[in-house]
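# Notes for the structure review
The primary structure of each chain is shown beneath.
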Amino acid sequence: MARPDRPLSPHLQVYRLPLTALLSITHRITGVGLAFGAVILVAWLAAAAAGPAWFAPMSKMMGSWLGRIVLFGFTWALFYHLVNGIRHLFWDAGFGFEKAAARNSGLAVLAISVIVAGVVFGIGCARVGG
Amino acid sequence: MSSQTARTLRTRLGRVRGLGSAKEGVAHWWGQRLTAIAMVPLVVWFALSLAALAGAPHQTVVAWIKSPLAAVLLVALLVAVFYHLALGVQVVIEDYVHTEWRKLALVITVKLASALAALIGVFSVLRIAFGA
């Protein structure tokens with residue numbers, strides 16, 4: 001379709017996105033990423049149901065360095081989406097819409113998600129090591 | 001607007017027709033929120049359980065899934081995850097795919113694939129839970 005040669009409104013890339021906007025798109029990206037994580041969860045359960053011959057390679061893959069990096073990514077994405085999801089639920093109830101409040105809650109979400117993901121993943125690594 | 005309509009998110013006409021402005025009422029919105037609330041405790045439980053199970057042999061994992069609490073909560077988690085996921089990915093598709101047939105095909109694929117994946121997950125858990 002031929003488009004008339006007229007000026008376009010400024011698009012996304014010319015803005016410096018505020019923290020709240022970056023966190024918003026991160027929520028969506030982690031959500032889509034976690035959809036793939038859910039498929040891995042089903043594969044893990046199916047492998048467990050299929051027997052040790054299926055479970056062992058799955059377990060080995062997850063314990064490898066690459067597997068651990070991917071699993072840490074999913075762990076952080078899971079807790080980011082969870083904690084930011086709770087932030088969304090507060091918004092749904094009508095709380096925390098002030099500019100400063102939204103920014104502060106965003107910073108809190110970032111900090112909490114990193115700390116909780118680190119702790120949970122640390123427990124996992126300690127269990128494998130011990 | 002009367003106080004009755006102000007208390008609901010739906011208009012009177014929308015209620016009569018059983019449809020909202022988005023042609024589906026608020027069921028999508030509520031479905032996403034309810035599954036989100038359900039998953040807050042479920043995900044915390046699941047993540048901690050997996051961390052505790054890290055590196056565990058098949059036998060240990062199967063024994064964990066066999067316990068009634070884990071089996072029930074895993075099924076609950078799978079249902080909530082895939083319901084929430086199908087709604088969420090649907091919105092992402094609707095936001096970015098504007099060719100009608102492509103949008104429809106993708107949404108249908110995501111819905112059916114989500115249902116199938118959830119069934120495989122639930123079946124796997126039940127097979128272990130009820131297995132010898």
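As the structure is a computational prediction, the values presented were derived from the model and not from experiment. (Residues numbered from 1 in each chain as written. Chains lettered and ligands numbered in written order. Predicted model: local features only at pLDDT ≥ 70, side-chain atom pairs only at ≥ 80, totals over all residues.)

### Notes on the overall build of chain A
Counting its regular elements, chain A contains four helices and zero strands. In chain A, the succession of α and β elements from N to C terminus is α-α-α-α. Computed over its C-alpha atoms, the radius of gyration of chain A comes to 20 Å, more than 25% above the 14 Å expected for a compact globule of 130 residues. Overall, the C-alpha framework of chain A stretches about 65 × 45 × 25 Å when taken along its three principal axes. In chain A, which comprises 130 residues, the share counted as buried stands at 27%. By sequence separation, contacts in chain A at least 24 residues apart represent 74% of the contacts at least 6 residues apart. (Helix = DSSP H or I, 4+ residues; strand = E, 2+ residues; numbered from the N terminus. Rg over C-alpha atoms; globule rule 2.2 N^0.38 Å. Buried ≥ 20, exposed ≤ 12 C-beta atoms within 10 Å, placed from the backbone. Contact = placed C-beta atoms within 7 Å.)

### A closer look at the overall build of chain B
Assigned secondary structure in chain B consists of six helices and zero strands. Overall, chain B shows an N-to-C arrangement of helices and strands of α-α-α-α-α-α. With 132 residues in all, chain B has 21% of them scored as buried. Considering only contacts in chain B between residues 6 or more positions apart, those separated by 24 or more positions represent 61%.

### Some details on the interface of chain A and chain B
Listed as interface residues are 28 residues of chain A and, on the opposing side, 28 residues of chain B. At the level of elements, helix H1 (19-50), helix H2 (52-63), helix H3 (65-92) and helix H4 (99-129) of chain A are the ones that each hand at least two residues to the side of chain A that touches chain B. With twelve residues, H1 of chain A is the single largest residue contributor to the side of chain A that touches chain B. Residues of the side of chain A that touches chain B, tallied by class, amount to 20 nonpolar, five polar and three charged. (Nonpolar A, V, L, I, M, F, W, Y, C, P; charged D, E, K, R; others polar.)

### Focus: the nonpolar core
Ranked by size, the top nonpolar core spans 44 residues in total, and within it Ala38, Ala48 and Leu78 of chain A together with Val81, Phe82 and Leu85 of chain B carry the most contacts. Of all the elements, H1 of chain A adds the most residues to this core, at ten residues. The residues contacting Val81 of chain B, other than those within four sequence positions of it, are Ala38 of chain A together with Met39 of chain B. (Core = buried A, V, L, I, M, F, W, Y, C linked by C-beta atoms within 7 Å.)

### A few points about the environment of Ala51 of chain B
Tracing the sequence through the fold places Ala51 of chain B in helix H3 (residues 27-53). Placed 40 residues apart in sequence, Ala51 of chain B and Val91 of chain B show a C-alpha to C-alpha distance of 31 Å.

### Quick notes on the confidence of the model for chain B
Residues and elements named next belong to chain B. On average, chain B scores 89 in pLDDT, and the residues at 70 or more come to 85%. Here residues 1-5 is a poorly scored stretch, pLDDT under 50, and it has three contacts once near neighbours within four places are set aside; other chains count. Model confidence for the complex is summarised by a pTM of 0.87, with the ipTM given as 0.89. (pLDDT = per-residue confidence, 0-100.)

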